[in-house]
Amino acid sequence: MQTIADLQAELHRLDGKPYGAYRDLVGRSFDLGEGVVFVLDRAQTDPYAPPSLAHLEVPNRLAGLAKPGDRPGLTAAEDFITRQLVAAVRAERDISFGRPGQEILERTTVRLDSDCLIARLTIQLPARGRRILGHAAAKTLGNGLPRIVHEGLRNLDHDGLEEAMAYLRDVDKLRSWLAAEGLVAFVGDGANLARRAGNSDAPKEGAVAFQSPQTLRRSVELPSGRTVTGMAIPRGVTVIVGGGYHGKSTLLRALQLGVYPHIPGDGREWVVTLPDAVAIRAEDGRAVAGLDISPFISNLPSGEDTRAFSTANASGSTSQAANLVEALEAGARTLLIDEDTSVTNFMLRDQRMRELISPDKEPITPFVERVRELFDRFGISTVLVAGGSGAFFDVADHVIALDAYQVFDVTDKALSLAGRSVGDAAARSAEDPALDSAEGPSDAPATPAGGAANPEGKAQRRPVLRVAAKPQGKGPRGGKGSGRGRGRKPAGSKGRATIKLGKDTVELGPAEQLVDPAQTTGIAHAIDWLEKLLDGSRTLPEALDQLEDAIDAEGLDAIAPYSGHPGLFARPRRHEIMAAVNRFRGLRA
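Residues numbered from 1 in each chain as written. Predicted model: local features only at pLDDT ≥ 70, side-chain atom pairs only at ≥ 80, totals over all residues. Heavy atoms only, no water.

- An unreviewed UniProt entry lists the chain under the name ABC transporter ATPase, with Corynebacterium atypicum as the source organism.

## Observations regarding the overall build of the chain
1) Next: If you tally the helices and strands in the chain, you get 15 helices and 26 strands.
2) Next: A globule of 589 residues ought to have a C-alpha radius of gyration of about 25 Å, and the chain, at 26 Å, matches this closely.
3) Next: Counting only C-alpha atoms, the chain reaches 85 × 55 × 40 Å along its principal axes.
4) Next: Within the chain, contacts between residues separated by at least 24 positions form 71% of all contacts whose residues are at least 6 apart in sequence.
5) Next: Of the roughly 24700 Å² of accessible surface on the chain, a fraction of 49% belongs to carbon and sulfur atoms. (Helix = DSSP H or I, 4+ residues; strand = E, 2+ residues; numbered from the N terminus. Rg over C-alpha atoms; globule rule 2.2 N^0.38 Å. Contact = heavy atoms within 4.5 Å. Areas by Shrake-Rupley, 256 points an atom, 1.4 Å probe, with all protein chains shown as cover.)

## Overview of a nonpolar patch on the surface
1) Next: Together, Met 353, Leu 356 and Ile 357 line one region of the surface with nonpolar side chains, adding up to about 280 Å² of accessible area.
2) Next: With respect to the helices, strands and loops of the structure, Ile 357 is situated in the loop between α9 (351-356) and α10 (371-378). (Patch = residues over 30% accessible without salt bridge, like charges linked within 9 Å, V, L, I, M, F, W, Y side chains within 5 Å. Salt bridge = Lys/Arg side-chain N within 4 Å of Asp/Glu carboxyl O.)

## Focus on empty space enclosed by the protein
Rolled over the atoms, a probe sized like a water molecule indicates the empty space that remains.
1) Next: Per the stated rule, a full pass over the model turns up three cavities of 30 Å³ or more.
2) Next: The space that makes up the largest cavity amounts to roughly 230 Å³.
3) Next: Put simply, the parts of the chain that give the lining of the largest cavity at least two residues each are β17 (277-280), α7 (316-329) and α15 (574-583).
4) Next: Looking at which element gives the most residues to the lining of the largest cavity, the answer is α15, with six residues.
5) Next: Split by residue class, the lining of the largest cavity holds nine nonpolar, four polar and six charged.
6) Next: The computed volume of the second largest cavity comes to approximately 50 Å³.
7) Next: If you trace the second largest cavity, you find it lined by Thr 75, Glu 78, Asp 79, Thr 82, Leu 105, Glu 106, Arg 107 and Val 110.
8) Next: Here the element with the most residues in the lining of the second largest cavity is helix α3 (residues 71-89); it accounts for four residues.
9) Next: For the lining of the second largest cavity, a count of residues per class yields two nonpolar, two polar and four charged. (1 Å grid on protein atoms, 1.4 Å probe; cavity = no way out; pocket = protein on both sides within 12 Å on 5 of 7 lines; lining within 4 Å. Points joined across faces, edges and corners; volume = space filled by probe spheres on them. Nonpolar A, V, L, I, M, F, W, Y, C, P; charged D, E, K, R; others polar.)

## Topic: the environment of Thr 108
1) Next: Within the secondary structure, Thr 108 is located in the loop between β5 (95-96) and β6 (110-112).
2) Next: Between the C-alpha atoms of Thr 108 and Phe 569, which are 461 residues apart in sequence, the distance is 5.8 Å.
3) Next: In contact with Thr 108, not counting residues within four places along its chain, are Arg 120, Leu 556, Asp 557, Pro 566, Gly 567, Leu 568 and Phe 569.
4) Next: Within the structure, the side chain of Thr 108 is placed 3.0 Å from the backbone nitrogen of Phe 569, a separation counted as a polar contact. (Polar contact = N/O pair within 3.5 Å; in protein donor to acceptor, adjacent residues only side chain to side chain.)

## Some thoughts on the packing of α3 against helix α5 (residues 158-180)
1) Next: Interhelical geometry of α3 versus α5 gives an angle of 135 degrees and a closest axis separation of 8 Å. Taken together, the axes of α3 and α5 are oblique relative to one another. You can see that α3 and α5 cross each other, and the crossing is right-handed. Here α3 contributes Pro 72, Gly 73, Thr 75, Ala 76, Ala 77 and Phe 80 to the contact with α5, which in turn contributes Gly 160, Leu 161, Ala 164, Met 165, Leu 168, Arg 169 and Asp 172. (Axes fitted to C-alpha atoms, helices over the stretch in contact; angles between N-to-C directions. Parallel < 35°, antiparallel > 145°, perpendicular 65-115°, else oblique. Left-handed = near helix turned anticlockwise from the far one by under 90°.)

## Quick word on a negative patch on the surface
1) Next: Taken together, Asp 157, Asp 159, Glu 162 and Glu 163 make up a surface patch of like negative charges.
2) Next: You can call Asp 157 partly exposed: its relative accessible area is 36%. (Lys, Arg positive; Asp, Glu negative; His and termini not counted. Charge placed at Lys NZ, Arg CZ, Asp CG, Glu CD. Buried < 20%, exposed > 50% of the residue type's maximum accessible area, 1.4 Å probe, protein only.)

## Quick word on the nonpolar core
Generally speaking, soluble globular proteins have nonpolar side chains that are buried together.
1) Next: By size, the foremost hydrophobic cluster in this structure holds 65 residues, and its most contacted members are Tyr 22, Phe 38, Leu 56, Phe 97, Leu 117 and Leu 174.
2) Next: The dominant element in this core, judged by the number of residues it contributes, is α5, at nine residues.
3) Next: Filtering out sequence-adjacent residues up to four positions away, Leu 117 remains in contact with Leu 56, Glu 57, Val 58, Asn 60, Leu 65, Ile 81, Val 110, Arg 111, Leu 112 and Leu 153.
4) Next: Ala 332, Phe 346, Val 368 and Val 371 belong to the second largest nonpolar core, which has 39 residues in total. (Core = buried A, V, L, I, M, F, W, Y, C linked by side-chain atoms within 4.5 Å.)

Below, the structure is given as structure tokens:
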């Protein structure tokens, strides 16, 4: 094996040569010392292309590491080491291990095996014009990489690592406890829910600390020995009320992102939501393909059948109905809805409008008339922000009020205003079997859409996904995705909200629980992987099950667009993958 001195000599030799000569180094191994190996997996074709891919192989003994035997411990360890490497990069502007945010996600950056740690990185190999700057590259790699290994791995903060693993195991236990106790979310006392700014997810200094109302306060002892206390939101229909700017949407946003664990110091460490909770909103202009939205929209004046509805340009109410049905098709058991991002005619219809426009002339069945049925018949809970109407008091199990960021349980008063007895919700809980199980009725279909579910709960829509290709010549070598050999590049991403699929673009801005551009890259790779399955022979949930099984068995490398180095990306939820597929305008059902 060659040494780091050999690597620097090779780079000096390449100085001034055409940029493509960097490929002379691809696949060669260089010993950086103490058994640490550097490998350049894929070199840029020109200096304006995406960065080159490389990895480090580090013996576990060097960093004093051992592979945890449980998934939460392994995810925590790999995330912690990734952040240590990111911190160690500092001034090396051309080297990157990614940019992890406030959430702890499964990533491709670090893979901790039983005897070796694999650390993947990208390198912007230096150039002047299209000529290699070999001397600068020798300095970046020859000096930068050993320093990064020393600071990020050899001097690893083992106490911090142990704390990170203990924390994520606690969060995992708390999430399991929610399901077992018939709860959908938990907000720990002392949490800081406010963010610094609209473009910053960092905690806001001086924000009012969260305190649970006594009636909803629960405590749970966790594996580390710590006990957390906070507000537990039960299954059913929960309405969050309060004046404008008093914190309603801030609380709901924290619940939306509670599907992910957060790094210590974020302020939302103990905001934990069941992983199958999905935010629902209106989304004017989105495409819909062959979807049964008849429980919410039917009897259109045009005579169009809404049991298999398609459009290239959905209205606000139609898009919100589609988003809701698709979320249920993906397996959502809790809906998170804010009136600020909803359309009024989808949410409710007051008595005066009913008197003016008779029900048989109105195609929309408002959500307020379905939300109770969603839970009582199908076990689907809803947490809803409502600041402008008390219509949902008629169907609520719990009503939470925010007043200057302080939280109060006002269920009794809200039920009284709705003309319901104070014990109404409690009586329903005692009588209704849907309220007795954390999983809901065993025979409940996965979705209430009449034509979209059969008695086994399987969605019947069987989509066909075919991406129109731009002629590109040969596909990537050794590729595993569906676009290989058919003349199109792998799907790609741009930022958090955009995916490029052949000639088409998918916009995911309204997907509020998509938090990291690395997840968006993961969605792009997932779509490539799914394309070969979505041929009209299976449902989208069935295809997603196969994809998740592959990731669970093989890791994120299973959906990588290239063999060897998979690139830097993070694992998205199935709900956001499905959202992307459903918004692809070439989808057919």
